[in-house]
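# Survey of secondary and tertiary structure
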Amino acid sequence: MDGAPRRAACRRLQLPLLCLFFQGATAILFAIFVRYNHETDAALWHWGNHSNANNEFYFRYPSFQDVHTMVFLGFGFLMVFLQRYGFSSVGFTFLLAAFALQWSTLVQGFLHSFHGGHIHVGVESMINADFCAGALLISFGAVLGKTGPVQLLLMALLEVVLFGINEFVLLDLLGVKDAGGSMTIHTFGAYFRLVLSWVLYRPRLEKSKHRQSSIYHSDLFAMIGTIFLWIFWPSFNSAPTSLGDTQHRTALNTYYSLTASTLSTFALSALVSGDGRLHMAHIQNAALAGGVMVGTAGEMMLTPFGALAAGFLAGTVSTLGYKFFTPSLESKFKVQDTCGVHNLHGMPGVLGALLGVLVTVLATHEAYGDGLEDVFPLIAEGQRSTTSQAVHQLFGLFVTLAFAFVGGSLVGLLLKLPILDSPPDSQCYEDQIYWEVPGEHEDETQRPLNMEEPDTQA
Amino acid sequence: MDGAPRRAACRRLQLPLLCLFFQGATAILFAIFVRYNHETDAALWHWGNHSNANNEFYFRYPSFQDVHTMVFLGFGFLMVFLQRYGFSSVGFTFLLAAFALQWSTLVQGFLHSFHGGHIHVGVESMINADFCAGALLISFGAVLGKTGPVQLLLMALLEVVLFGINEFVLLDLLGVKDAGGSMTIHTFGAYFRLVLSWVLYRPRLEKSKHRQSSIYHSDLFAMIGTIFLWIFWPSFNSAPTSLGDTQHRTALNTYYSLTASTLSTFALSALVSGDGRLHMAHIQNAALAGGVMVGTAGEMMLTPFGALAAGFLAGTVSTLGYKFFTPSLESKFKVQDTCGVHNLHGMPGVLGALLGVLVTVLATHEAYGDGLEDVFPLIAEGQRSTTSQAVHQLFGLFVTLAFAFVGGSLVGLLLKLPILDSPPDSQCYEDQIYWEVPGEHEDETQRPLNMEEPDTQA
Amino acid sequence: MDGAPRRAACRRLQLPLLCLFFQGATAILFAIFVRYNHETDAALWHWGNHSNANNEFYFRYPSFQDVHTMVFLGFGFLMVFLQRYGFSSVGFTFLLAAFALQWSTLVQGFLHSFHGGHIHVGVESMINADFCAGALLISFGAVLGKTGPVQLLLMALLEVVLFGINEFVLLDLLGVKDAGGSMTIHTFGAYFRLVLSWVLYRPRLEKSKHRQSSIYHSDLFAMIGTIFLWIFWPSFNSAPTSLGDTQHRTALNTYYSLTASTLSTFALSALVSGDGRLHMAHIQNAALAGGVMVGTAGEMMLTPFGALAAGFLAGTVSTLGYKFFTPSLESKFKVQDTCGVHNLHGMPGVLGALLGVLVTVLATHEAYGDGLEDVFPLIAEGQRSTTSQAVHQLFGLFVTLAFAFVGGSLVGLLLKLPILDSPPDSQCYEDQIYWEVPGEHEDETQRPLNMEEPDTQA
């Protein structure tokens, strides 16, 4: 009876203080380091005597807004399928992503665009920050319902740094190509949190089992998330590529890949169920695997057929993962993957990285012409052969996996600190511990929530 | 007791096998025929020595994404109003549209852009494929809840071909102007399925009557569909027009037309109800009729007033159709039009075609200046008089109706084949036969579903 | 027993007749006055011998579509949180906004762009009309649930005129800068309706108290509105600014400001609740205050740090307003503010105007270079000093408040006319008096609605 009020008081202060501290810290760092770049600064832009039509804004901003929609609405609503965790799914997505945009502006800025003591920001840094937030939200899916907002914010703090370093190593040091982030976003995000979920394993989670499923309306809300992710994924993969044909081709490849993963998901979902009926969780997730799959190879000369084949494979593997792999992931490996992140982002991400290796090996001067400079600058400049580039691509995948495993383990250990507010096993997947849920007072007799139950975590 | 398990086994295999076969077939055809066009191919684009800013991508992709949102989210959620058919509405929309994008890339490619043995794809073919998927989903509304996914996929296979041929006859052979598809999309889609719905008439559908209505939340979900269709319709009509003033003017005309159809829908909905109350089905559908109405004339010099008048007429006719025509459509003509497709797409589509005839007759060199080349190239080049063009426009409408009637009849007869999995009368508008619906096991005692009931179709 | 049928008959005719009259009147005015501008007119555009790539459409239309989404979907769904008023929230939003787009095209056209006896329209007038509709919907939130559609349409008629005049005085006469409308949209919209809500005060509204709260699913629907507003707010503030760096910078500032208001909202929401739990109403609304706050200063050289600080302040003030100010607004000032418009738009709008004054004072030729012409043309041309411009900005705020107070009072008095259909106290926040609600017949025994209850308003 004594622990509960203390814990409640603790919870009351941990979240707001952390938010205020994080916001204060990033604001100070922004004041010291962050400046408008030459396309957003009034004086710098007009010095250049540019035509307004050439401002990067007009080439990137529509794609940025699609990405922004995916991050905040798509990932947020995709996780609303849990019947009693909708406020948390969409609310914590909102909080984490808002923090990540600021924090990754700083981290990515220090690593990628730190010139003259300043970080320079514009639409490209906005896209990069949203990409980092995307990786974070992918990871969120693996620990959804089992972690409190304070834990999530600390995770975000560390994961953004690790994401930035991994991205820096891959793109800047190794010269790896990964525009849509099959490696940097999907593989990293998925395995980071799977390891973390393994460290934070809860053996008695069946206490909340009844809340881990969806209800009819929560599945429809989740489909809103799915569809926005699906329609805007071509913008996601193409947002940061070179302009012109590359951006155009990336969008086209992603578009075809997604159509194929949708068809294979429907086929496999009906095949693997005992009675031929479709399963919503497959459609909501595996149909998107085609977008993950061409994250690396999408900007290359994959060909429309290649995009279809890749998407087909991704949807198949992802659906089979939901049916056969996720259950054994928990029973054998003690990893509780709430959203099936391993099926949507993990396996398709790794396959996408390997596809990138393959398409890189097949690159020829004939197929790319002068466009080789846009896609493989190091090959075009004669610094690397296609084989060498392919080996670097493959090495990038291993680096990413290493970062994810080591990072996930360390962050997991930190989050096991008993001081941090974590929901007890019986309260997982439940909004009421973090939110004032409407109508809860009237229904209290029906849905009793024992707040004083001993915390089995600490 | 014997037929049911056999039917279930049959159902278990029909859908996945059809998906796999269709995907395999399109993939092979893609491998043989589909290539990047000169704006998406790295070598071709760089040969041309183009400025990246001139890549068609930047002029079309934002509109494409709006169209894409309408097709997948708009049409999908518009049909979620049925209380027990939300998974199917949004899920089958997803499946059909994903297949249609691939298949119509091939069909439209063979008919419109087959050069040197190859189909060349880019953002324009993406828009055209989405348009064809739109026509398909319009039709879906007329048979919603009464057809299984296997029937729907076969319908899609045939309708995409017929859509492509009709479009080819109108745009390429007859030189008809129909950018937003009043004829090719709305009239064709609506009458194709109405005929089909007539062929597939089910006399005992009142068995599922209780599931044909909406509930409070399902109507709100449907409003999400409506609003996305409404806001992006200006992009739909303007996506494929000539660049510059034509695209700009089409968006503007559609914007005004929709505001007027909204006002007339609210007015008529309150007028025709007995007690002055508004009906959600009218608002969800008839308010959109203004977009359908200016599908042909939107790119012409319709004038802002003309757009308002057209929208007003469309909203009025459409709302009156819901009140007075739909009931008699079933009782007199034996056509069961679940979503009221005839009111939203059929009548406004025909009126839109006629409006196109009228505005074509009124076209003058004075009003269009050198812009005549963009809107009426055959008139500008002296090959046709305005009257001749108008006659061709009118002829295009009849051709479209003929294609829809003949095509709908033939496809309907095919779908009556008893081998195809079709929901029994008592199971129409019900997700559970195709989807694992959450919570159904607990509720089974409340909502008993007799799966062994004799199929009244075969 | 006699008054009720008469009132019902009256209601039956008031709304449709008003819609038809308004639509007829604007159509006639459109026929007389409204013409395509030189970028939408075929002949005018081709006279100019322009490159199609330079058509204003390509620089503004993507932003326009984001604004359009905010107005129709964002504001509409934000208000769906009321458990029994979803149809009205989203439906009346639709009706009011559709009318406002037409009517404000006329009003703003007469005031801003009336040349040679004609109003010329294009994408800029579309953006401006949507902005005016936005102000209207902001106001809608303050009287939500307590006013009928006829009252709302009359309000719209008058408010659009007052909005247009206020905007004309500020932007054209006083030379005030207010691209994102901290003053013209948010401050005006909020205080106009707060005054109006004060005039229309209903002392016995607790009769409908049980319907003023949200339920679980209605809060999730509202979050869809919130997130679309949040993600597209950068487009809202930047849509009407000068092209190039100014538009780019405005989007960037708004983006950062929103992230900070989100963090401060989560912090404060947890702090002010007794038990550390978050409140959905805060997240749904106060997190957006950062966008309101930089409506004026967003296009200026606010710096990224300034954007964060401004957003932080806005989120803090707004959340505190929900907790402490809204309750006393009703108890002390007799203002019933359904949606907390004062917290989201009122206070942040005023603070945003003051921030604009501050940043104007700090403007230097050094910081803006030749870009000064784009942001402060009167300073660049030497007609004003920065101090003088700042004083004009401050004066603009007072003018806006004066317009809002006087306008709100007059319109409120007009709306108290007993002839106008207004919901009785016991029927507020209830869809059934205006909509045919599905399932109401079955449930009639459970939710009895006494339609004949004496109207306590008249």
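Going by what an unreviewed UniProt entry lists, chain A is known as Ammonium transporter Rh type B and is assigned to Chinchilla lanigera. Heading Sequence similarities (unreviewed entry) of the UniProt record for chain A holds this comment: "Belongs to the ammonium transporter (TC 2.A.49) family. Rh subfamily." Under Subunit (unreviewed entry), UniProt gives the following word-for-word description of chain A: "Interacts (via C-terminus) with ANK2 and ANK3; required for targeting to the basolateral membrane."

### Focus: the overall build of chain A
Along chain A, the regular secondary structure elements total 18 helices and three strands. Taken along its principal axes, the extent of the C-alpha atoms in chain A is 70 × 60 × 35 Å. For chain A, restricting intrachain contacts to residue pairs at least 6 apart in sequence, the fraction spanning at least 24 positions comes to 82%. Put simply, chain A shows about 13,800 Å² of open surface, and 65% of that area lies on carbon and sulfur atoms. Within chain A, one finds 23 positive and 35 negative side-chain charges whose respective centroids are separated by 11 Å.

### Some remarks on the sheet that holds strand E2 (residues 114-115) of chain B
All names here are of chain B. Ordered in space as E1-E3-E2, the three strands form an open sheet in which the pairing is mixed. Whereas interior strands pair on both sides, the edge strands pair on one side only; in this sheet they are strand E1 (34-36) and E2. Contacting E1, E2 and strand E3 (118-121), helix H4 (residues 86-112) runs over the sheet at an angle of about 115 degrees to E3.

### Points about the interface of chain B and chain A
With 74 residues of chain B at the contact, the number on the chain A side is 66 residues. Together, the buried faces of chain B and chain A total about 6,000 Å²; carbon and sulfur atoms form 74% of this surface. Its largest share of buried area at the contact with chain A, chain B owes to Tyr36, Phe94 and Glu436 of chain B, together 12% of the area lost on that side. Residue assignment for the side of chain B that touches chain A shows that the elements contributing at least two residues are helix H1 (3-33), E1, helix H2 (42-47), helix H3 (57-78), H4, helix H5 (123-143) and helix H8 (216-238) of chain B. Class assignment for the residues of the side of chain B that touches chain A results in 46 nonpolar, 19 polar and nine charged.

### Things to note about the packing of helix H3 (residues 57-78) of chain A against helix H4 (residues 86-112) of chain A
Residue and element names in this part refer to chain A. Two elements in contact, H3 and H4, have axes separated by 8 Å at closest approach and are oriented at 150 degrees. One element, H3, and the other, H4, form an angle in the roughly antiparallel class. Seen along the crossing, H3 lies across H4 with a hand that is right-handed. From H3, His68, Val71, Phe72, Gly76 and Phe77 reach across to H4, where they touch Ser89, Val90, Thr93, Phe94, Ala97, Ala98 and Leu101. Residues that form the contact of H3 with H4 fall into these classes: eight nonpolar, four polar and no charged.

### Digging into the UniProt feature "domain: Ammonium transporter AmtB-like" (unreviewed entry) in chain A
Following the UniProt record, the feature "domain: Ammonium transporter AmtB-like" (unreviewed entry) maps to residues 26-419 of chain A here. With 72% helix and 2% strand, the stretch residues 26-419 of chain A has end C-alpha atoms that lie 24 Å from each other.

### Structural notes on the interface of chain C and chain A
Contacts between the two partners involve 66 residues from chain C and, on the opposite side, 74 residues from chain A. Overall, the association of chain C and chain A removes approximately 6,000 Å² of surface from exposure, summing both partners, and the carbon and sulfur fraction of that is 74%. When the buried area of chain C at its contact with chain A is split by residue, Tyr216, His248 and Arg277 of chain C rank highest and sum to 14% of it. For the interface between chain C and chain A, the tally reads zero salt bridges. Counting residues per element, the side of chain C that touches chain A draws most heavily on helix H9 (residues 245-272) of chain C, which supplies 18 residues. Along the lines of polarity and charge, the residues of the side of chain C that touches chain A split into 39 nonpolar, 18 polar and nine charged.

What counts, and where the lines are drawn
- Residues numbered from 1 in each chain as written.
- Chains lettered and ligands numbered in written order.
- Predicted model: local features only at pLDDT ≥ 70, side-chain atom pairs only at ≥ 80, totals over all residues.
- Heavy atoms only, no water.
- UniProt positions renumbered as here; feature names shortened; annotations may be inferred.
- Helix = DSSP H or I, 4+ residues; strand = E, 2+ residues; numbered from the N terminus.
- Contact = heavy atoms within 4.5 Å.
- Areas by Shrake-Rupley, 256 points an atom, 1.4 Å probe, with all protein chains shown as cover.
- Lys, Arg positive; Asp, Glu negative; His and termini not counted.
- Charge placed at Lys NZ, Arg CZ, Asp CG, Glu CD.
- Pairing = 2+ DSSP bridges.
- Axes fitted to C-alpha atoms, helices over the stretch in contact; angles between N-to-C directions.
- Buried area = accessible area lost by both parts, 1.4 Å probe.
- Nonpolar A, V, L, I, M, F, W, Y, C, P; charged D, E, K, R; others polar.
- Parallel < 35°, antiparallel > 145°, perpendicular 65-115°, else oblique.
- Left-handed = near helix turned anticlockwise from the far one by under 90°.
- Salt bridge = Lys/Arg side-chain N within 4 Å of Asp/Glu carboxyl O.

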